[in-house]
Amino acid sequence: MNVGDTLTLPSSEAQRKFGCKLASQLEPGTILFLSGELGTGKTTLVSGLLGGLGFLGEVSSPTYTLMHEYPTPKGLVLHVDAYRTRHKAELLEMGLEDYLERCTLSVLEWGEAYFEDFPQGWILQLEHQRNGRKITRVR
């Protein structure tokens, strides 16, 4: 997926399949920011990404724990929900930078506060559409 590309996906299953395909395009060490309202399928997309990397377990939102680690055959994946963090320092104190260095993929939901700190990261904007969900690669 290139910057500026937009997809409309008709279902959660299509979004999961897209995530699986996208995983094969990402370089090891990629940081992926997911931006969008509640219910736009951020965790569904992460489930697909993890499936594409060979993870067979259940994927859940890290809303209350803030961070989940998932071991995959291709390396460790970090899934972060930064919605409840008030300051960047909170995640940094939890070891975010250490995770980013050792993970094959790091996905931050609600991570807009971190965009400028990681200019190499991808930003995907997820939106509700009448006929599904729209995903746009912003950066």
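Report follows, based on the coordinates. (Residues numbered from 1 in each chain as written. Predicted model: local features only at pLDDT ≥ 70, side-chain atom pairs only at ≥ 80, totals over all residues. Heavy atoms only, no water.)

1. A look at the sheet that holds strand 6 (residues 122–129)
On the basis of which strands lie adjacent, the open sheet formed by seven strands has the order 1-7-6-2-5-4-3 and mixed pairing. On the outer flanks of this sheet lie strand 1 (6–9) and strand 3 (67–72), each paired with one strand and no other. Here the average twist between neighbouring strands, direction ignored, is 20°. Of the strand pairs in this sheet, strand 2 (residues 30–36) and strand 5 (residues 105–109) are connected by five bridges, and their pairing is parallel. Of the residues in strand 5, the one forming a bridge with I31 is S106. (Pairing = 2+ DSSP bridges. Helix = DSSP H or I, 4+ residues; strand = E, 2+ residues; numbered from the N terminus. Axes fitted to C-alpha atoms, helices over the stretch in contact; angles between N-to-C directions.)

2. Concerning helix 1 (residues 12–23)
A rise of 1.5 Å per residue sets the reference length of helix 1, with its twelve residues, at 16 Å; its end C-alpha atoms lie 17 Å apart and thus fit the reference within 8%. Buried within helix 1 we find A14, Q15, F18, G19, L22 and A23. Against strand 1, helix 2 (42–52), strand 6 and strand 7 (132–137) lie the buried residues of helix 1. (Expected span 1.5 Å × (residues − 1). Buried < 20%, exposed > 50% of the residue type's maximum accessible area, 1.4 Å probe, protein only. Contact = heavy atoms within 4.5 Å.)

3. What about the nonpolar core?
With 24 residues, the main nonpolar core has L22, L32, L34, L49, L105 and L124 as its most contacted residues. Residue assignment for this core shows that the elements contributing at least two residues are helix 1, strand 2, helix 2, strand 5 and strand 6. Excluding its chain neighbours within four sequence positions, the residues that come into contact with L22 are M1, L49, W122 and L124. Grouped together as the second largest cluster of nonpolar side chains are 17 residues, I31, M67, C103 and I123 included. (Core = buried A, V, L, I, M, F, W, Y, C linked by side-chain atoms within 4.5 Å.)

4. Here's the deal with the pattern of salt bridges
Using the criterion set out here, one finds two salt bridges in the structure. A salt bridge links R16 to E13; its shortest N-O distance comes to 3.0 Å. A residue pair is termed a helical-turn pair when its members lie 3 or 4 positions apart in one helix, as R16 and E13 do in helix 1 at three residues. Its relative accessible area of 31% is what places R16 among the partly exposed residues. (Salt bridge = Lys/Arg side-chain N within 4 Å of Asp/Glu carboxyl O.)

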